[in-house]
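Structural features, examined
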Amino acid sequence: MKFFIETWGCQMNDHDSEKLSGMLDKQGFAPAASQEEADLVILNTCSIREKAVHKVYSVLGRLREEKLQRPLIVGVAGCLAQQEKDALFKRAPHIDFVLGTMAIQQLPRLVEEARARHKRVIDTQQYPDNHLFPPEVTQRRDTAKALVTIIEGCNHACTYCVVPTTRGPERHRPYEDVLAEVRQLVKDGYREVEFLGQNVNSYQGGCNFAELLDRASEIDGLEWIRFTTSHPMNFTRELAQTLVSNPKIAPFLHLPIQSGSDAVLRRMGRHYTVDQYLERLGYLGEGRSRFSLSTDFIVGFPGETDEDFEGTLRVLETVKYDTSFSFVYSPRPGTPALKMKDDLSPEIKSERLSRLQARQTELTLTSNRALVGQTLEARIESHGPTGQGLWLARTAQWRNVHLKTGEGRQLPFGETVRVKITEAGPHFLRAELD
Ligand code: SAH
Ligand code: SF4
Ligand code: F3S
């Protein structure tokens, strides 16, 4: 029996797929090279925006056709599963099982039941110890960087967001468990970890997030620690101090602002003003220049005026983010923002998004160009698309590097090398070995 998992969404979901793979492996399944070769297909879904959901339904449509041709078990996991629960069976009756985000350890049982009983099964309960997943079961896909959950769920209540529903309230992993996992990963050869959570900086698993970072950094052999995502409200002076003073923390900070208008931020339920956000970034002090800064923006939130949007552009100019992720607001089921009057035309929303993204591209290009001629450390992630002699790597600041070496040169994935930057574009840097 072979399985195939298709994954959408954030790193949290990527990591959940690594956990699902590990459980299936233990259950005797082998990975299939493609969906067509699989006897069991799991869709690990995202529902953050409507577009993400459309993609899932389109794949489900294709799978229905396939199921008419051959025996196939279809499972839906992830945030759409948690949100829609058994309504998914109505929409797509060929689904065999639905597995919620807070029940992923129930996968082997659901697969067994679906196989044995030829009956549809579902588990979207909230198991209180689901975040205590045994790390030795996880089957990691990334050989350069290991994802490590530190906190699951979210206690904020941003008015546009499905995550509090789809991931539940915060559950914190005890710091001893986190550190034990990192130690094992280093023994297994990893030099880089990324701590995961919807809001890592509200971590309280026996110590706070800044303390967790410091403790992890004491592990010999670990070189870079990354984390995603942080909420500005939980970004403290103590954390900023740790970030700038601890050399093992990779100098990349993703701190989503969402909007540059106080009125919009209030309606979003973000609980900070633009000035408060900027003040918090300022906690980084002089160390800030070493950091690459990144953010998320939502454009076209209900009631966003031209002036509100100009505020967002002003923030972009003030902070000069090295990179940002921006989206048009997508109305989501069950969220309070659904009830807000949204009378902006789709044309205006997408025009605003284009303006924002065009300016970000210029800023990213400028910041990348400033690196040409410099020698930096980069970690090898994979082969380049053309194969021999071209490698994909990342700098500590999370910039993509296309590294050219002579043919025949072998570089193990995960290895840190010194590279000289020769050219810069908005999406990647070109480099040679120093
Ligand atoms: N916990 C993180 C965000 C997770 S969701 C945080 O608070 O920063 C990732 C990003 O998706 C958000 O930062 C937001 O910019 C975007 N997003 C979430 N819900 C959205 C919606 N309904 N429409 C458009 N973008 C949304
Ligand atoms: Fe969603 Fe807000 Fe929680 Fe982020 S902090 S996951 S945007 S509710
Ligand atoms: Fe999507 Fe769920 Fe992540 S909604 S962004 S997969 S937490």
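Residues numbered from 1 in each chain as written. Chains lettered and ligands numbered in written order. Predicted model: local features only at pLDDT ≥ 70, side-chain atom pairs only at ≥ 80, totals over all residues. Heavy atoms only, no water.

A short note on the overall build of the protein chain
The cut-off we apply is this: A run of DSSP states H or I qualifies as a helix once it reaches four residues; a run of E qualifies as a strand once it reaches two. Both are numbered from the N-terminal end. For each residue, the accessible area found with a 1.4 Å probe, counting protein chains only, is set against the maximum for its type, and the residue is called buried under 20%, exposed over 50%, and partly exposed in between. Whether two residues are in contact is decided by their heavy atoms, any of which lying within 4.5 Å being enough. Note on areas: these come from Shrake-Rupley sampling with a 1.4 Å probe, and a residue is covered only by the protein chains present in the view. Within this scheme the basic residues Lys and Arg register as positive and the acidic residues Asp and Glu register as negative, but His and the chain ends are omitted. A charged residue contributes its charge at one atom only: NZ of Lys, CZ of Arg, CG of Asp or CD of Glu.
Regarding its fold elements, the protein chain presents 13 helices and 19 strands. Principal axes of the C-alpha set define a box for the protein chain whose edges measure 65 × 60 × 45 Å. In the protein chain, buried positions account for 55% of the 434 residues. Pairs at least 24 residues apart make up 72% of the contacts formed inside the protein chain by residues separated by at least 6 positions. By element, 50% of the accessible surface of the protein chain is carried by carbon and sulfur atoms, the whole surface being about 19000 Å². A distance of 2 Å separates the average location of the 55 positive side-chain charges in the protein chain from that of its 58 negative side-chain charges.

Topic: the packing of aromatic side chains
Just so we agree on the cut-off: Between 30 and 60 degrees the pair is tilted, below 30 it is stacked and above 60 it is edge-to-face, where a pair is any two Phe, Tyr or Trp rings, Trp via its six-membered ring, whose centres lie within 6.5 Å. Two thresholds decide whether a charge sits over a ring: the Lys NZ or Arg CZ must be within 6 Å of the ring centre and within 35 degrees of the ring normal.
As enumerated under the stated definition, the model contains five aromatic pairs in all. On the numbers, 6.1 Å between centres and 40° between planes, the contact of Tyr272 with Tyr277 is tilted. Owing to a relative accessible area of 6%, Tyr272 belongs among the buried residues under this scheme. The class for Tyr277 is buried, based on a relative accessible area of 0%. Here the aromatic residues Tyr160, Phe301 and Tyr329 are joined through ring pairs into a cluster of three or more. Geometry around Tyr57 places Arg91 over its ring, the cationic atom sitting 3.7 Å from the centre.

Brief notes about a negative patch on the surface
Here is the rule we go by: Within the patch definition used here, like charges are joined within 9 Å and nonpolar side chains (Val, Leu, Ile, Met, Phe, Trp, Tyr) within 5 Å, considering only residues with over 30% relative accessible area and no salt bridge. We count a salt bridge whenever a side-chain nitrogen from Lys or Arg sits within 4 Å of a carboxyl oxygen from Asp or Glu.
There is a patch of like negative charges on the surface, built from Glu211, Asp214, Glu218 and Glu238. Within the secondary structure layout, Glu238 lies in helix H9 (residues 237-245).

Observations regarding the sheet that holds strand S4 (residues 73-78)
Rules: Only strands that DSSP links by at least two bridges are regarded as paired with each other. Each axis is a line fitted through C-alpha atoms, and for a helix only the stretch in contact is used; angles between axes span 0 to 180 degrees, taken between their N-to-C directions.
Spatially, the six strands line up as an open sheet ordered S2-S1-S3-S4-S5-S6, and their pairing is parallel. If you trace the sheet from one side to the other, it starts and ends with strand S2 (30-31) and strand S6 (121-123), each paired once. Here strand S1 (residues 2-7) runs beside strand S3 (residues 40-45); their pairing, made up of five bridges, is parallel. Paired with Thr7 across the strands is Asn44, a residue of S3. Of the strands in this sheet, S1, S3, S4 and strand S5 (97-99) touch helix H1 (residues 11-26), which is tilted by about 170° from S1. Strands in contact with helix H2 (residues 50-69) are S1, S3 and S4; relative to S3, the strand with the most contacts, it is inclined by about 170°.

Points about helix H11 (residues 274-282)
For clarity, the threshold we go by: Directions drawn from the helix axis to the C-beta atoms are what define this arc.
Regarding H11, the residues found buried are Val274, Tyr277 and Leu281. End-on view of H11: buried residues confined to an arc of 65°, all on one side of the axis.

With respect to the pattern of salt bridges
Counted according to the given criterion, the structure contains 24 salt bridges. Residue Lys145 pairs with Glu194 through a salt bridge whose shortest N-O separation is 2.7 Å. Remark: Glu194 occurs in strand S10 (residues 192-196) and Lys145 occurs in the loop between S6 and strand S7 (146-149); sequence separation between them is 49 residues. An identical accessibility class is assigned to Lys145 and Glu194; each is buried. With its nearest N and O atoms 3.5 Å apart, the salt bridge here joins Asp322 to Arg399. Of this pair, Asp322 sits in the loop between helix H12 (306-319) and strand S14 (323-328) while Arg399 sits in the loop between strand S16 (387-395) and strand S17 (400-404), placing them 77 residues apart in sequence.

Structural notes on unusual backbone geometry
The residue after Thr228, namely Thr229, is reached through a cis peptide bond having omega -5°. Its location among the elements puts Thr229 in the loop between strand S11 (224-228) and H9. If you check the backbone angles, Lys320 has positive phi at about 50° while not being a glycine. Positionally, Lys320 belongs in the loop between H12 and S14. Despite not being glycine, Trp398 has its phi angle at roughly 70°, a positive value. Examined against the element boundaries, Trp398 turns out to sit in the loop between S16 and S17.

Things to note about the site of ligand 3
Spelled out, the test is: Here a residue is considered near a molecule or strand provided that any single heavy atom belonging to it is located within 4 Å of it. The classification used treats Ala, Val, Leu, Ile, Met, Phe, Trp, Tyr, Cys and Pro as nonpolar, Asp, Glu, Lys and Arg as charged, and all other residues, Gly among them, as polar.
Lining the immediate surroundings of ligand 3 are Gly9, Cys10, Asn13, Cys46, Ser47, Ile48, Cys79, Arg167 and Gln198. Across the shell around ligand 3, the residue classes break down as four nonpolar, four polar and one charged.

With respect to the sheet that holds S11
In a beta sheet, neighbouring strands are held together by backbone hydrogen bonds and run either parallel or antiparallel to one another. Strand order in the open sheet formed by three strands is S7-S10-S11, and the pairing between neighbours is parallel. Because the sheet does not close on itself, it has two edges, and the strands there are S7 and S11. The sheet shows a mean angle of 25° between the axes of neighbouring strands, taken without regard to direction. For S7 and S10, the ladder comprises four bridges, and the chain directions are parallel. Paired with Ala146 across the strands is Val193, a residue of S10. Docked against the sheet, H1 engages S7, S10 and S11, running at close to 95° with respect to S7.

Here we look at the pairing of S4
For S4, the buried fraction is high: six of the six residues fall into the buried class. Both faces of S4 are covered, namely the face carrying Ile73, Gly75 and Ala77 and the face carrying Val74, Val76 and Gly78. Bridging between S3 and S4 involves six bridges; their strand directions are parallel. Counterpart to Ile42 in the pairing with S4 is Gly75.

In short, the description is geometric, and any link to function would need to be established separately.
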